[in-house]
Amino acid sequence: MQDWVEKLLRVQDLDLRIAKLSKLASSVPAKQEEAENMLASDNRAVDEAKAELLEAEVERKKIDLDMDGHKQKKTDFQAKSAMIKNNEEYRAAMSQIEKCDHQIEQCEEHREGASAVIEEIKRKQLSLNTNLSATKMRVEDKKKDLDVRAANCRAELEKLRAERPSVIGEVDRSWANRYERLRKRLPLGRKDQKVLVPVRNEVCDGCRMNATAQVRMNARKGMLVGCEYCGAMLYTDD
Ligand SMILES: [Zn+2]
């Protein structure tokens, strides 16, 4: 392998590591947010259940008040009936008391239903609270891990970037310039792409298109040749 190729491959290796680390580092905030969202969603579910419980309790309270009203009415009718002398009035009072009993019974039924709903919500709350505690712990761990990752990435990136000038300084200026131009042209999200690639089995390893015999020959001679299709710098490693 040509000397310049070896040197430039070291630069490229460094650049690819820098690209990979940058990508990893820049993915951290989104992952932090994802973790926060997970927690927010669990918190929301707990709050919703709290509101639901409150509503169900108000509903049951209404039934209780309703029932108290019917009970009071019944007591009033009972007191009144004790003083009635006339049969007809007495029967009417009894019928009212019966009506009250029926209404009280209905209230009791409704109350049972409301209590069942409340119990169901409380059971749900238990499981939601358990979930929330687990999520809190998981999210905290995850955020700690992400902080460590970000710090490690930053430290390594700093080291690699500091290393780079001396590594590319070893490469002959014309090769280095060509390489730098090609790397600069790579779109931001594609910095992990190679711009120095081998020709293998007569094919450019970057774009998989055939390299002409002339290009292959020049590459073998160690000349500066680019792929006619993707523009990558070509070399042969055979
Ligand atoms: Zn190519």
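Note that the structure is predicted; figures quoted are calculated from it, not measured.

Asks: Summarise the overall build of the protein chain; cite the residues concerned and give the values.
Replies: Along the backbone of the protein chain there are five helices and four strands. Mapped in sequence order, the helices and strands of the protein chain form the string α-α-α-α-β-β-α-β-β. For the protein chain, whose C-alpha radius of gyration is 40 Å, the value lies well above the compact-globule estimate of 18 Å for 238 residues. The C-alpha extent of the protein chain, read off along each of the three principal axes, is 130 × 35 × 25 Å. The buried share of the protein chain, taken over its 238 residues, is 32%. Just so you have it, the protein chain exposes about 15800 Å², and 50% of that area is on carbon and sulfur atoms. In the protein chain, 46 side chains carry a positive charge and 44 a negative one; their mean positions are 8 Å apart.

Asks: Tell me about unusual backbone geometry, and name the residues and values.
Replies: Despite not being glycine, E202 shows a phi value in the positive range, around 70°. With respect to the element layout, E202 can be found in the loop between β1 (196-200) and β2 (203-204). On the basis of relative accessibility, which here comes to 45%, the residue E202 falls in the partly exposed class. Its identity as a non-glycine residue notwithstanding, R208 has a phi of 65°, on the positive side. Take R208: it is sitting in the loop between β2 and α5 (213-220). Accessibility expressed as a relative area gives 57% for R208, which makes it exposed.

The rules we used
- Once a new chain begins, its residue numbering starts again from 1 and follows that chain's sequence as written.
- Reporting of local features is limited, given that this is a predicted model, to residues whose pLDDT is at least 70; pairs of side-chain atoms are given and counted only at 80 or more, and all residues count toward the totals for whole chains, interfaces and linings.
- Only hydrogens and water are set aside; all other atoms, that is, all heavy atoms of the structure, feed into the side-chain values.
- Runs of E in the DSSP output that reach at least two residues are strands. Runs of H or I that reach at least four are helices, and both are numbered from the N terminus.
- Between the two quantities, the radius of gyration covers C-alpha atoms and the globule rule is 2.2 Å times the number of residues to the power 0.38.
- Think of it in three bands: with a 1.4 Å probe and only protein chains considered, a residue is buried below 20% of the maximum accessible area for its type, exposed above 50%, and partly exposed in between.
- Surface accessibility follows the Shrake-Rupley procedure with a 1.4 Å probe radius. Residue values consider only the protein chains on display as shielding.
- Counting rule applied: Lys, Arg positive; Asp, Glu negative; His and chain ends not counted.
- By convention, charge coordinates are those of NZ in Lys, CZ in Arg, CG in Asp, or CD in Glu.

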